Amino acid sequence: MKIPLNLTINGDTVELTVDANETLLHVLRNSASLQSVHRSCEEGECGACTVLVNNEPVNSCLVLAVSVQGASVMTAEGLVRNNEPHPIMKAFTDELGIQCGFCTPGMLMTAYALINRCEGSELTDEFIRKSLQGNLCRCTGYVNIVKAVKKAKQNKDAGYWW
Amino acid sequence: MKNFIGSRSLPDMIYHAPESIEKLFLLLSDAARPFRIVAGCTDFIPAVRTGRWSFDEEVTIIDLKQIKALNYIEHQGGMVHIGACTRLTQILESPEIQEKAPVLARAVTTMGSWQVRNTATIGGNICMSSPAGDTIPALLVLDARVTLAGPDGEEEMLLKEFLTGPGQNTMEDNQVMTRISFPAMEKNETACFKKIGNRTAVIISIVSTAVRITLEHGVCRNVKIAMGSVAPTPIRINRAEAFLEGKRLDQEVIHRCGALVSEEISPITDLRASGDYRRDVAATLVKRAIAECMEEKE
């Protein structure tokens, strides 16, 4: 069953035709050519496919694309502006919160949503770890990722953010 | 689209997303079979991918997420009502739930990840009727009732009567769950939810428990103990509840209560843990939960 699907992806309005059984992950990778959305476990364990739907992080592998008709979707590509890496990406490279990079786009999206939610309040290590429970990283041991999220929060508090 | 052993591609689908309950029943009356009613899909998609559910050719999907009338949390006349399609994140962040049913909020915090909670719904967790469904022990100690709607009208029943076995409940094909209701907790009550899994996050319970006690001058009243993953459905532990009634809590009493729990449950051995392990851990978990209830009130 083919269904027309309207989405706002990284700020651009797009009209696609998708199969009813396609997941948002599949549509973003194959129809929208957004390769930052990584396909891994496909059952919501690993978080590598995390994207923001209406500003909230979700596992795109567990979302039928047709079920988010009209939604605003943001992927890691949407963080980049004028070829400049986003301040959260800078924080991840500065603090070495990235090694092989497979989990990184998903991790970035969850962390980005977390920092945007915590306007004005402080982010504790524990709260960062709890919020990132759904993003598995098999390289870093998470220590540098937590540091990177804190650094990114400092960037935002200093006005270096978009 | 097979990528590794055990992961299957999704079957062809016919997709409907009715916007109201009336439209839903119109659809249900002549939907092509087989059909599945879904909400968050966070268990539906893994169920298909792992082969727990399979369909020969195509399946009709009826998605309830667009029905706004199924998404709400309200507190009225001492009762809390939750729409079946309310997402777990909404429950967790709701001031009403945090105040009137903190045990449910506690249970929800242990479920899935932030991403999953943003999509998964409470009705979905109940209707999948897994013995390990984590909202269920919390709702059992809250004496929750569920409302099912069908073409012939609504029926309300106790949650414990709704659940009949692993993955099984009394819901007919043409019914949907619309509402979960329970009395708000009183100020002098205390309740606690605990679970054990292979790790502390994003994990299915090996054993879970919810305990609710009213402490009157140190004496236990209205004791309610529920457990998940120790029987074909999440259950109340009636003999252990009766044992605590009217008693003062001390180490000896808590210990004997834990022993009664071990006797009353019928855990199985599965991929996640052995029956013997579950029996041991169940006693420990209930003891910890009671101790925590006691500390909270002191």
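Residues numbered from 1 in each chain as written. Chains lettered and ligands numbered in written order. Predicted model: local features only at pLDDT ≥ 70, side-chain atom pairs only at ≥ 80, totals over all residues.

1. Let's talk about the overall build of chain B
Moving on, step 1. Counting secondary structure elements, chain B contains 12 helices and 14 strands.
Moving on, step 2. Against the 2.2 N^0.38 benchmark of 19 Å for 298 residues, chain B shows a C-alpha radius of gyration of 20 Å, consistent with a compact globule.
Moving on, step 3. Taking the principal axes of the C-alpha coordinates as reference, chain B spans close to 60 × 50 × 30 Å.
Moving on, step 4. Residues counted as buried form 46% of the 298 residues belonging to chain B.
Moving on, step 5. Taking as baseline every contact in chain B between residues at least 6 positions apart, the subset at least 24 positions apart corresponds to 65%. (Helix = DSSP H or I, 4+ residues; strand = E, 2+ residues; numbered from the N terminus. Rg over C-alpha atoms; globule rule 2.2 N^0.38 Å. Buried ≥ 20, exposed ≤ 12 C-beta atoms within 10 Å, placed from the backbone. Contact = placed C-beta atoms within 7 Å.)

2. Brief notes about the packing of helix 2 (residues 87-94) of chain A against helix 3 (residues 104-117) of chain A
A pair of packed helices is captured by two measures, namely the crossing angle of their axes and the spacing between those axes.
Residues and elements named next belong to chain A.
Moving on, step 1. Relative orientation of the contacting elements helix 2 and helix 3 amounts to 120 degrees, with a least axis distance of 10 Å. Taken together, the axes of helix 2 and helix 3 lie oblique to each other. The two elements helix 2 and helix 3 meet at a crossing, and its hand is right-handed. Packed against helix 2, whose contacting residues are Ile88, Met89 and Phe92, the element helix 3 presents Thr104, Leu108, Ala111, Tyr112 and Ile115 at the interface. (Axes fitted to C-alpha atoms, helices over the stretch in contact; angles between N-to-C directions. Parallel < 35°, antiparallel > 145°, perpendicular 65-115°, else oblique. Left-handed = near helix turned anticlockwise from the far one by under 90°.)

3. Overview of the pairing of strand 12 (residues 207-216) of chain B
Working note: regular strand, side chains alternate between the two faces of the sheet.
Residues and elements named next belong to chain B.
Moving on, step 1. Of all 10 residues in strand 12, 7 are buried, a share of seventy percent or more.
Moving on, step 2. Note: strand 11 (residues 189-196) against strand 12, 8 bridges, orientation antiparallel. Counted as the bridge partner of Glu189 is Thr214 from strand 12.
Moving on, step 3. One ladder, built from 8 bridges, connects strand 12 with strand 13 (residues 219-228); its direction is antiparallel. The residue bridging Arg212 from the neighbouring strand is Lys224, located in strand 13. (Pairing = 2+ DSSP bridges.)

4. Looking at the sheet that holds strand 1 (residues 12-16) of chain B
Residue and element names in this part refer to chain B.
Moving on, step 1. Pairing is parallel across the open sheet formed by 3 strands, whose spatial order is 1-3-2. Strands with a single pairing partner mark the edges of an open sheet, and in this sheet they are strand 1 and strand 2 (35-38). The sheet shows a mean angle of 25 degrees between the axes of neighbouring strands, direction not considered.
Moving on, step 2. Pairing between strand 2 and strand 3 (residues 58-63): 4 bridges, direction parallel. Looking across to strand 3, one finds that Ile37 is bridged to Ile62.

5. Examining the domain arrangement of chain B
Moving on, step 1. Taken domain by domain, chain B holds domain 1 (12-63), domain 2 (71-183) and domain 3 (189-297).
Moving on, step 2. Computed from C-alpha coordinates alone, the two centres of domain 1 of chain B and domain 3 of chain B are separated by 36 Å. (Domains from an automatic or database assignment.)

6. Overview of the interface of chain B and chain A
Moving on, step 1. Each side of the interface is counted separately: chain B has 23 residues, and chain A has 23 residues.
Moving on, step 2. The greatest single-element share of the side of chain B that touches chain A, amounting to 4 residues, is contributed by strand 1 of chain B.
Moving on, step 3. Residues belonging to the side of chain B that touches chain A are distributed by class as follows: 13 nonpolar, 6 polar and 4 charged. (Nonpolar A, V, L, I, M, F, W, Y, C, P; charged D, E, K, R; others polar.)

7. Here we look at the domain arrangement of chain A
Residues and elements named next belong to chain A.
Moving on, step 1. By domain assignment, chain A separates into domain 1 (2-76) and domain 2 (87-157).
Moving on, step 2. Each of domain 1 and domain 2 was reduced to a C-alpha centroid, and the two centroids are 22 Å apart.
Moving on, step 3. Elements supplying a minimum of two residues to the side of domain 1 that touches domain 2: strand 3 (50-53) and strand 4 (56-59).
Moving on, step 4. In terms of residue class, the side of domain 1 that touches domain 2 is built from 8 nonpolar, 5 polar and 1 charged.

8. Notes on the environment of Ala39 of chain B
Residues and elements named next belong to chain B.
Moving on, step 1. When you line up the elements, Ala39 lands in the loop between strand 2 and helix 2 (44-49).
Moving on, step 2. When the 29 C-beta atoms within 10 Å are taken as the criterion, Ala39 is described as buried.
Moving on, step 3. If we ignore the near neighbours within four places in the chain, the residues touching Ala39 are Leu64, Lys65, Cys85, Thr121, Gly123 and Gly124.

9. Let's talk about the nonpolar core
Moving on, step 1. Val103, Leu104 and Val211 of chain B are the most contacted members of the largest nonpolar core, which totals 136 residues.
Moving on, step 2. Top contributing element to this core by residue count: helix 3 of chain A, with 8 residues.
Moving on, step 3. Non-local contacts of Leu104 of chain B, meaning those with residues more than four positions away in its chain, are made with Ile91, Ile97, Thr135, Ala138, Leu139 and Leu142 of chain B. (Core = buried A, V, L, I, M, F, W, Y, C linked by C-beta atoms within 7 Å.)

10. Here we look at the packing of helix 3 of chain A against helix 5 (residues 143-157) of chain A
Residues and elements named next belong to chain A.
Moving on, step 1. Where helix 3 meets helix 5, the axes come as close as 10 Å, and the angle between the chain directions of the two elements is 45 degrees. One element, helix 3, and the other, helix 5, form an angle in the oblique class. Remark: the crossing between helix 3 and helix 5 carries right-handed chirality. From helix 3, Met107, Ala111 and Ile115 reach across to helix 5, where they touch Ile145, Val149, Ala152, Lys153 and Lys156.
Moving on, step 2. Looking at side-chain class alone, the contact of helix 3 with helix 5 contains 6 nonpolar, no polar and 2 charged residues.

11. Some details on the sheet that holds strand 12 of chain B
All names here are of chain B.
Moving on, step 1. The sheet built from 4 strands is open, its strands ordered 11-12-13-14 with antiparallel pairing. Unpaired on one side and paired on the other, strand 11 and strand 14 (235-236) mark the two borders of the sheet.
Moving on, step 2. In the sheet, strand 13 pairs with strand 14 via 2 bridges, with the strands oriented antiparallel. When the bridges of strand 14 are listed, Ala226 appears paired with Arg236.
Moving on, step 3. This element, helix 5 (residues 102-109), spans strand 11 and strand 12 of the sheet and lies at about 15 degrees to strand 11.
Moving on, step 4. The strands touched by helix 12 (residues 275-297) are strand 11, strand 12 and strand 13; relative to strand 12, the strand with the most contacts, the crossing angle is about 35 degrees.

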